[in-house]
Amino acid sequence: MKTLQYRKNLPKLVTLISMGLATVPAESFKHKQSSLIPNAQHSLTSPISNQLVAIPIGDATERMCKLAELLSNDLNNLKKEWEKYHHSFISQRAYKYINKNIKDIDSSLVDIKAILASYSNSDVPKKESILLFGRSLAVYRSILTEVISFIEQTQQPLKTTNKKPNVTDADMRKLIQAEHIKLGLNKPKFDSN
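This one's a predicted model, so the numbers in the text were calculated from it and none came from an experiment.

A. Inspection of the overall build of the protein at higher detail. Along the backbone of the protein there are six helices and three strands. Tracing the protein from N to C terminus, the helices and strands come up as β-α-β-α-β-α-α-α-α. At a minimum sequence separation of 6, the contacts of the protein that also span at least 24 residues come to 79%. Put simply, the protein shows about 13,000 Å² of open surface, and 53% of that area lies on carbon and sulfur atoms.

B. Examining the confidence of the model for the protein more closely. On average, residues of the protein score 79 in pLDDT, and 81% of them are at 70 or above. Contacts for the low-pLDDT stretch residues 1-10, under 50 throughout, to residues beyond four places or in other chains number 25 contacts. In this model, residues 33-48 is a region of pLDDT below 50 whose contacts with residues beyond four sequence positions or in other chains number 40 contacts.

C. Region of interest: the packing of aromatic side chains. This model, assessed by the stated rule, comprises one aromatic pair. Look at Trp82 and Phe150: their rings are 6.4 Å apart centre to centre, the planes differ by 85 degrees, and that puts the pair in the edge-to-face class. In this pair, Trp82 sits in helix α3 (residues 57-85) while Phe150 sits in helix α5 (residues 124-154), placing the two residues 68 residues apart along the sequence. Judged by relative accessible area, Trp82 falls into the partly exposed class, the value being 21%.

D. Just the environment of Lys96, in detail. With respect to the secondary-structure elements, Lys96 resides in helix α4 (residues 92-118). Taking the C-alpha atoms as reference, Lys96 lies 9.4 Å from Ile148; in sequence the two are 52 residues apart.

E. Summary view of the packing of α4 against α5. It is at 9 Å that the axes of α4 and α5 come closest, and there the two elements cross at 155 degrees. Between α4 and α5, the angle falls in the class roughly antiparallel. In the packing of α4 onto α5, the handedness of the crossing is left-handed. For the contact of α4 with α5, a count of residues per class yields 18 nonpolar, five polar and four charged.

F. Representation of the pattern of salt bridges within the structure. As enumerated under the stated definition, the model contains three salt bridges in all. Here Asp104 makes a salt bridge to Lys100, at a shortest N to O gap of 3.0 Å. One end of the pair is Asp104 and the other is Lys100, both in helix α4 and four residues apart, which spans about a single turn. Glu179 is paired through a salt bridge with Lys182; the nearest N and O atoms lie 3.8 Å apart. Here the residue Glu179 and the residue Lys182 both occupy positions in helix α6 (residues 169-182), the gap between them amounting to three residues, near one helical turn. On the basis of relative accessible area, Lys182 is assigned to the exposed category, the value being 66%.

Calculation rules
Residues numbered from 1 in each chain as written. Predicted model: local features only at pLDDT ≥ 70, side-chain atom pairs only at ≥ 80, totals over all residues. Heavy atoms only, no water. Helix = DSSP H or I, 4+ residues; strand = E, 2+ residues; numbered from the N terminus. Contact = heavy atoms within 4.5 Å. Areas by Shrake-Rupley, 256 points an atom, 1.4 Å probe, with all protein chains shown as cover. pLDDT = per-residue confidence, 0-100. Phe/Tyr/Trp six-rings, centres within 6.5 Å; stacked < 30°, edge-to-face > 60°. Buried < 20%, exposed > 50% of the residue type's maximum accessible area, 1.4 Å probe, protein only. Axes fitted to C-alpha atoms, helices over the stretch in contact; angles between N-to-C directions. Parallel < 35°, antiparallel > 145°, perpendicular 65-115°, else oblique. Left-handed = near helix turned anticlockwise from the far one by under 90°. Nonpolar A, V, L, I, M, F, W, Y, C, P; charged D, E, K, R; others polar. Salt bridge = Lys/Arg side-chain N within 4 Å of Asp/Glu carboxyl O.

Quick look at the structure:
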């Protein structure tokens, strides 16, 4: 098994698949169980490294499915922890790495689609194994997208304000009454305090 160091030195995915190989993160060989809570940063970003390993496509499919399952479990645990403590465990750096990984997977999925289109219909077993690998990548990408969504939902938006609106109670009441009239509702009455 050869460890391929940097993405720029990787053989094209087309070449690897034609040899019956596919790449998976080297870190996927270390993952045995979910470990998000003690070290959330490592768990969510560890598959996002420059080290990839080329292995038979069937094994790669299995490994990517396992990574997706582990990441899903980690995300569920992270959500539970966030509900308890309302503390974000993910840094902006990890957020950027996850987004980069999604883009890399997107380009791999485009390559896989092109590869599938280039095979004849008589080569069904090979097409099926490539399709299964593509699906495993798509599932993994989907979970990474859920992670990104969770991060965005738990972070304070970049543009917020503490400024109060410059509207009086009378102005607000007029606005509400006008909206009711536009909607064809009865004009609301307000209690005077």
